[in-house]
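Chains, contacts and geometry: an overview
Here's the letter readout for the chains.
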Amino acid sequence: MGNKTIATNTMKRRDFLKLTIAGLATTTVAATTMRNKASGPVGDSPHKWVMVIDQSKCNGCGHCIDACRAENDVAPDKAWTRVIAQEPLDGQDVYLPMPCMQCADAPCVDICPVGASTYRPDGIVMMDYDKCIGCRYCQLACPYDARSFNWKAFTGENPAVPDWGEPGVERRPRGVVEKCSFCYHRIDRGLAQGLMPGVDAAATPACVVACPPGARIFGDLNDPNSEVSKLVATDCAYQLREELGTEPSVYYLPATTEENLPCSENA
Amino acid sequence: MFRKRLSFLRDPFTWWIGFLILLLVIGLACAAVVFVQGLHVTNLTDLVPWGMWIGIDLSSIALAAGAFTISALVYLLRIKKLMPVAKTAVYLGLLGYTMAVLTLLLDIGRPDRFWHSMAYWNIHSPLWEVTMCVTLYLSVLALEVTPIVGGSDVVQSRWPRLGGHMVSVHKLAPILAVVGLCLSMLHQTSLGVTYGVLRGRYAWHRPTVAVLFIVSAVAAGPAMVVFASQVASRITSKAKIKPELLNIVAKYIGWVLVGYFFLRVWDLLYLSYSVGEVGGETWQYLTQGPLAINFWVGEMLIGIIIPMIILLIPKWRTNPRLQILATAMVVAGLILYRWDTNMLGQMVVYSYLPYDPAALFTSYLPSLIEIGAGLGVVAYGLLAFTIGVRYFRIIDHYEEAHEEHVLKPVSIPAMSGD
């Protein structure tokens, strides 16, 4: 160990520090100047779309699933909105219909490596099927299992689509993850025609329109007079796994027994 | 004459290579089925979207960590006598990362869009960070391996000029070591973060996974190097080891295991604070449930405690057989930990109801196609390692070929500010 070696050592260490600092600085600058450009600022829209699902009315018929398959050209072996049977309450069957929760703090948007999941200003979580690489990390991240992967190509006719109509969106290719979009295309088209989503059927998500007992209610949470605003304000409205802080846009009214009035009438 | 021509059949090397090529062909056939038919030929589901391939991917990246750890020992801590071991480590590193990239190409639904993570950035995603770092680090490893290939007799005897150019890349070694260290620290940790940020799944995917991933990789990467060097030197005369060099690395692994053991215990004790109200349930899944044997026997006993004891007692550490056993256990423990983190974490399906910790267990068994393609990737790794030992002399502790480039203090013009 000569003096020379020691001198070399110090120089190396200094260079190493310099490199590290330079690297850190670059990262910081990059992180602060770059924004997730694909995501618009949430809240820039006058609307905030939410869905309220009244479990006391849902009878598990599954019409919502079929309507969704027809509107969004979803394959017969998957469902963008699932209906899960729960423990019966006093002999009454209880169901949990689950579309995408359109979380305000969505784990899937944060973690997508290519930014294929983004927020719309009105709070809808969008999928860019042209960007998605099919890594399925979002499926792992979603606390509600709302996403389904296209394990195989969906070809041929969709049995859910009736003869007299056609789906409102394009079919997704094999190898990408897809999910419920709150029928954003119906909302946008309706608003352009001066219709009100949640009030006019043509501007409202297909599952809400098709629900026979009217268990799904859709509307604008930013409008204090909308039905959803009143329902969300009731004591009994709850969100799934709300302890995770994902702030879902789907609210639930619990199934109740006959002694209690349904929660929606207490409002 | 005829008998002489067939004499290669008596060489076990031929059979070994033949076996690996057979596995490789089966793997390629399975991969072709996956690319043509799509991922429905796997047993993956929407509930368990990441399976065996991700397990191979995580394990091979972690076991490649010897490259940056030993390079750091040589070029930053200046333990220059470990130079030949770093050569092995760097080569194994390149193998590990190429294996990982191969499994990822199999696993993503749209392999034709693999470049999207370079073109469309989401800087908030740990997986994006991992992809960028892995890609950059793959280039670093390729540069680090270039002089090894260029200096080999195979290249030197046929293309001496090209070989010379390739060897001269070695001058970059100290810079590459620094860059490699930064990139590796980033993405080995981020692989843990990838699971740590999954706030909906708290049992196996806790924020602490990030720390455990990097520390376990720092222990198991060099263990892989020691294990591979020891085993190869017993099989072929092409691999020449100096036991005293491997003993240094083995001692280092022993002490890293002490730190890793401490962090595992800390992680367990910290559970009740880190995941809030569900800490108790998490503790149960990990340590008492039907999956607990993986944790106690696989990760703790085989992965940490037994090898730690062997590697810390000088008499046992320097015994080649015990050293092979201990490093094999560290490697096995790391693979088990990565597989548990990935798979067991997905086996737990949580209730959707608010504040309801109840959970169900699902199951997953890879399909034959998945196993075939996975084995193909492993066979590629073993084949490349065999070729490396035989033709590139990646395990040769007596070689002094590129010493002169290292002994010279390397001046980096742009950096010398003093």
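Computed from a predicted model, the values in this text were never measured in an experiment.

**What to know about the sheet that holds strand β8 (residues 216-220) of chain A**
All names here are of chain A. One open sheet accounts for three strands, arranged β8-β1-β9; its pairing is mixed. What marks the edges here is a single partner per strand, and that holds for β8 and β9 (250-253). The mean angle between the axes of side-by-side strands here comes to 20°, regardless of whether they run parallel or antiparallel.

**With respect to the interface of chain A and chain B**
Of the residues lining the interface, 48 residues belong to chain A; the matching set on chain B comes to 39 residues. Within the residue set of the side of chain A that touches chain B, elements represented by two or more residues are α1 (3-33), β3 (92-98), α3 (107-111), α4 (137-141) and β6 (148-149) of chain A. In terms of residues, the side of chain A that touches chain B owes the most to one element, α1(A), which gives nine residues. Of the residues that constitute the side of chain A that touches chain B, the class distribution is 26 nonpolar, 11 polar and 11 charged.

**Some words on the packing of helix α4 (residues 66-75) of chain B against helix α5 (residues 83-107) of chain B**
Residues and elements named next belong to chain B. α5 packs onto α4 with a crossing angle of 155° between their chain directions and a minimal axis gap of 8 Å. Classified by the interaxial angle, the pair formed by α4 and α5 is roughly antiparallel. Once α4 is placed against α5, the crossing between them reads as left-handed. Contact residues: G66, A67, I70, S71 and V74 in α4; M83, V85, A86, A89, V90, L92 and G93 in α5.

**A short note on the confidence of the model for chain A**
Residues and elements named next belong to chain A. Across chain A, the average pLDDT comes to 86, with 80% of residues at or above 70. Long-range and interchain partners of residues 1-9, a stretch whose pLDDT sits below 50, account for two contacts in this model, where long-range means more than four residues apart. This stretch, residues 32-39, has a pLDDT under 50; its non-local contacts, to residues over four places away or in other chains, come to nine contacts.

**Regarding the pairing of β8(A)**
Along β8(A), five of the five residues are buried, which leaves the element largely enclosed by surrounding structure. Burial of β8(A) is two-sided: the residues A:R216, A:F218 and A:D220 facing one way and the residues A:I217 and A:G219 facing the other way are all buried.

**A word on the pairing of strand β2 (residues 82-89) of chain A**
Little of β2(A) sits inside the fold, with zero of its eight residues counted as buried. Connecting the antiparallel pair β2(A) and β3(A) is a turn made up of two residues, with A:D90 showing a positive phi of about 50°.

What counts and what doesn't
Numbers given for residues are sequential positions, taken from 1 along each chain in its written order. To read the labels, note that chains go from A and ligands from 1, taken in the order they are written. Whole-chain, interface and lining totals are the exception, using all residues; otherwise, since this is a predicted model, local features are given only for residues with pLDDT of at least 70 and side-chain atom pairs are given and counted only at 80 or more. The pairing criterion for strands is at least two bridges between them, as found by DSSP. Every helix listed is a DSSP run of H or I at least four residues long, and every strand listed is a run of E at least two residues long, numbered separately from the N terminus. Axis angles are defined between N-to-C directions and span 0 to 180 degrees, where every axis is a line fitted to C-alpha atoms and, for a helix, only to the segment in contact. This entry defines residue contacts through backbone-placed C-beta atoms, with two residues in contact when those atoms are within 7 Å. Ten residue types, Ala, Val, Leu, Ile, Met, Phe, Trp, Tyr, Cys and Pro, are classed as nonpolar, four, Asp, Glu, Lys and Arg, as charged, and the remainder, Gly among them, as polar. Any angle that falls under 35 degrees is termed roughly parallel, while one over 145 is termed roughly antiparallel, one within 65 to 115 roughly perpendicular, and all others oblique. In this scheme the handedness of a crossing depends on how the near helix is turned from the far one: anticlockwise by less than a right angle means left-handed, clockwise means right-handed. Confidence per residue, as judged by the predictor, is encoded in pLDDT with a range of 0 to 100. Each residue is classed by its C-beta neighbour count within 10 Å, where at least 20 other C-beta atoms makes it buried, 12 or fewer makes it exposed, and intermediate counts make it partly exposed; the C-beta atoms are placed from backbone geometry.

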